[in-house]
Amino acid sequence: MSAGIPKEPKECPRVIFALLAYNQEKFIREAVESALTQTYQPLEIILSDDCSSDQTFEIIKTMVAAYDGPHKVIIQQNPTNIGLIEHVNKVAMESNSDFIVVAAGDDISKPNRTCTLVEAWQLTEALLVYSKADFMDQNGNRVTTPRNAPGSVMPKSLKEFALSRSKYIGATGAWDKKLFADFGRITETGSYEDLVLAYRAKLIGKLHHVDEALVIYRQGVGITSNFGNKLTHRSERFLDKAAKRTVFIAVLWQRLRDTTRVRNHDIKLRAILLLKIARFYVDRLLLVMGAAVFNGFRSLKKLLNRY
């Protein structure tokens with residue numbers, strides 16, 4: 001995806017490493033430890049908890065109190081649970097750095113992760129940089145990387161990107177602040193930030209994939225999962241088809257809004273997104289009507305069977 005790469009990286013800018021956590025007391029120690037052991041300097045680490053109901057934030061406070069390393073560490077907790085998208089918005093909009101490396105409270109970032117992503121960002125001038133990941137289960141056991149892991153193949157054209165559900169793994173990514181400075185907050189709170197930010201980067205610039213596993217990704221227990229103690233090896237299927245369609249329509253609405261924010265935006269691209277959205281609502285209407293007709297016939301059959 002990159003072209004015209006300079007021979008040497010620029011000087012080291014101040015970077016933010018933002019770890020977002022919610023109800024991850026079982027995994028947060030490893031995640032925080034991996035943040036504190038990042039080799040990049042100068043680094044500001046933000047450990048942000050979305051009003052967890054378990055011991056996640058208490059563990060964070062204890063670990064930071066014992067930390068005497070070189071990084072500046074800020075801990076914060078939202079007074080109420082605001083959800084993933086608003087949590088992302090809050091950290092991104094309040095950041096005073098041009099580059100934010102994001103992490104999840106259940107994953108492990110390798111020590112060289114920030115260094116590698118910053119170097120790739122500087123060399124390629126990409127607005128979003130993401131990497132490969134190694135995979136583990138909820139118990140920390142390494143598992144085989146899925147054949148179709150997110151981010152392995154990205155759409156090439158902007159049109160394909162606008163309609164695609166392809167994404168990178170959000171917990172492997174890092175963003176240029178321009179993705180929020182130019183577009184503002186993500187307003188569709190039912191969407192996913194990786195699907196939104198990847199499109200924003202493609203819309204006004206480019207993405208860059210680092211072909212190195214910089215994160216150990218824990219399958220099926222992320223912030224967006226609601227399985228609690230009922231996790232299984234199929235836990236990544238945390239939404240049924242109807243719910244996934246609802247999420248994707250929120251993504252399409254956000255992409256449409258983001259498209260209109262671009263000066264001299266492509267009218268055809270806007271029309272393509274509108275048609276896709278319209279088709280979604282038509283399909284849903286037909287589904288509801290079909291269910292109503294089916295239930296009507298079934299009720300009529302029961303009534304006739306009485307006589």
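That block above? That's the structure.
Remember, it's a predicted structure, so these values are computed and weren't measured experimentally.

Participant: Help me understand the nonpolar core, please; the structure alone is not making it clear to me.
Facilitator: In a soluble, globular protein the nonpolar side chains are often hidden away together inside. Grouped together as the largest cluster of nonpolar side chains are 43 residues, with contacts concentrated most on L128, Y168, W175, L179, F180, L197 and L207. The element contributing the most residues to this core is helix α7 (residues 193–204), with 7 residues. Contact partners of W175, with chain neighbours within four places excluded, come to V88, A92, D98, F99, I100, V102, L127, L128, Y168, F180 and L197. If you look at the next biggest cluster of nonpolar residues, it comprises 29 residues, including F17, A21, V101 and L117.

Participant: Help me out: how do you make sense of the pattern of salt bridges in this one?
Facilitator: Once the charged atoms of two side chains with opposite charge are near each other, the side chains can pair. For the structure on display, the rule yields 13 salt bridges. Here E44 makes a salt bridge to R14, at a shortest N to O gap of 3.1 Å. Here E44 is found in strand β2 (residues 43–49), whereas its partner R14 is found in the segment before β1 (15–21), with 30 residues between them in sequence. A relative accessible area of 37% places R14 in the partly exposed class. One salt bridge in this structure joins E188 and R257, with 2.4 Å as the shortest N-O distance. Residue E188 is found in the loop between α6 (178–181) and α7, and its partner R257 is found in helix α8 (residues 241–260); the two are separated by 69 residues along the sequence. By relative accessible area, R257 is classed as partly exposed at 33%. What you see here is one network of salt bridges that share partners, running through R14, E44 and K72.

Participant: In this structure, what is going on with the side chain of S34? I would like to understand it.
Facilitator: Along the chain, S34 turns up in helix α1 (residues 28–36). Residues within four places of S34 in sequence aside, it is in contact with D107, I108 and S109.

Participant: Would you mind showing me how to read α1 here?
Facilitator: An α-helical turn contains 3.6 residues, so a residue and the one three or four places further along point in the same direction. Those residues of α1 lying buried are I28, A31, V32, S34, A35 and L36. Here the buried face of α1 lies against β1, β2, α2 (56–65), β3 (72–77), β4 (99–104) and β5 (108–109).

Participant: Explanation requested: the environment of D211 in the structure shown.
Facilitator: Inspection of the secondary structure assignment puts D211 in strand β9 (residues 207–218). Taking the C-alpha atoms as reference, D211 lies 8.9 Å from Y130; in sequence the two are 81 residues apart.

Participant: In this structure, what is going on with the packing of aromatic side chains? I would like to understand it.
Facilitator: In this structure the tally under the stated criterion is 5 aromatic pairs. A centroid spacing of 5.5 Å and a plane angle of 80° characterise the contact between F135 and Y217, whose relative ring orientation is edge-to-face. In this pair, F135 sits in strand β6 (residues 128–136) while Y217 sits in strand β9, placing the two residues 82 residues apart along the sequence. F135 sits in the buried class, given a relative accessible area of 3%. Of note, R200 hangs over the ring of F180, and the distance from its end group to the ring centre comes to 5.6 Å.

Participant: How should the environment of V196 be read in this particular structure?
Facilitator: Topologically, V196 is positioned in helix α7. Exposure remark for V196: the relative accessible area of 1% places this residue in the buried category. Separated by 34 residues in the primary sequence, V196 and A162 place their C-alpha atoms 9.7 Å from one another. Contact partners of V196, with chain neighbours within four places excluded, come to I186, S191, Q254 and D258.

Conventions used here
For every chain, the first residue of its written sequence is number 1, and the numbers climb from 1 along that sequence. Two thresholds apply to this predicted model, a pLDDT of at least 70 for residue-level local features and 80 or more for giving and counting side-chain atom pairs, whereas whole-chain, interface and lining totals are computed over all residues. Side-chain metrics in this entry use all non-hydrogen atoms of the structure; hydrogen atoms and water are not considered. By convention a nonpolar core is built from buried Ala, Val, Leu, Ile, Met, Phe, Trp, Tyr and Cys residues, the set being connected through side-chain atoms within 4.5 Å. The cut-offs for exposure are 20% and 50% of the maximum accessible area for each residue type, with area from a 1.4 Å probe on protein chains only; residues under the lower value are buried, those over the upper are exposed, and the others partly exposed. The secondary structure listing takes helices from DSSP runs of H or I that are at least 4 residues long and strands from runs of E that are at least 2 residues long, numbered from the N terminus. In what follows, residue pairs with any heavy atoms lying within 4.5 Å of each other are defined as contacts. Basic side-chain nitrogens of Lys or Arg form a salt bridge, by our definition, when they fall within 4 Å of a carboxyl oxygen of Asp or Glu. Each aromatic pair joins two rings of Phe, Tyr and Trp (for Trp, the six-membered one) with centres within 6.5 Å, and gets the label stacked for planes under 30 degrees apart, edge-to-face for over 60, and tilted for any other angle. By definition, being over a ring means that NZ of Lys or CZ of Arg is both within 6 Å of the ring centre and within 35 degrees of the ring normal.

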